[in-house]
Amino acid sequence: MPWFEDPLMFMPNLDAMRFQNAALDDIADDSSICDLFRMTRGSRSEHPPDLPWLDVDQAVLIAVNEYAGDDVALALGYRTDAADPRVVASDCWTDPARSPGGP
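None of these values were measured; they are calculated from a predicted model. (Residues numbered from 1 in each chain as written. Predicted model: local features only at pLDDT ≥ 70, side-chain atom pairs only at ≥ 80, totals over all residues. Heavy atoms only, no water.)

## Some remarks on the nonpolar core
Among the nonpolar cores identified, the biggest contains 14 residues, and Leu24, Met39, Leu54, Val56 and Leu61 are the most heavily contacted of them. Those elements that place two or more of their residues in this core are helix H2 (31-37), strand E4 (59-65) and strand E5 (73-77). Looking at this core, the element that brings in the most residues is E4, giving 3 residues. Ignoring anything within four residues of it in the chain, the contact list for Leu61 reads Met11, Met17, Gln20, Asn21, Leu24, Ala73, Leu74 and Ala75. (Core = buried A, V, L, I, M, F, W, Y, C linked by side-chain atoms within 4.5 Å. Buried < 20%, exposed > 50% of the residue type's maximum accessible area, 1.4 Å probe, protein only. Helix = DSSP H or I, 4+ residues; strand = E, 2+ residues; numbered from the N terminus. Contact = heavy atoms within 4.5 Å.)

## Considerations on the side chain of Asn21
Among the secondary structure elements, Asn21 is positioned in helix H1 (residues 14-27). You can call Asn21 buried: its relative accessible area is 17%. Ignoring anything within four residues of it in the chain, the contact list for Asn21 reads Ala59, Val60 and Leu61.

## Some points on the sheet that holds strand E1 (residues 8-10)
In space, the 4 strands of this open sheet follow the order E1-E4-E5-E6, with antiparallel pairing throughout. Only two strands of the sheet have a single neighbouring strand rather than two, namely E1 and strand E6 (86-90). Ignoring strand direction, the axes of neighbouring strands in this sheet form an average angle of 30 degrees. Bridge analysis of E5 against E6 gives 5 bridges, and the strand direction is antiparallel. Bridge pairing in E6 places Gly77 opposite Arg86. (Pairing = 2+ DSSP bridges. Axes fitted to C-alpha atoms, helices over the stretch in contact; angles between N-to-C directions.)

In structure tokens form, the structure reads like this:
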């Protein structure tokens, strides 16, 4: 992915996808993590979230950071069309305004 500074690891099989998506589902209820990584549950919102927020209820991770701590991900987002998902990416650390020590 040309816009990522950190390497991604695509899920090699369904078991890996299930594992990563279960972890995403587990952290989706921690508001401090969700605010940092712009994640929310659309099922708990009055209005469906728009990008750059990831609707955890309508997303499937397909790639994650290769190195722990990079905190990057690539997902299929199904919020607009169940038959034609968007490819959405998260890499908040390359945005200086969002990274630790940024403005």
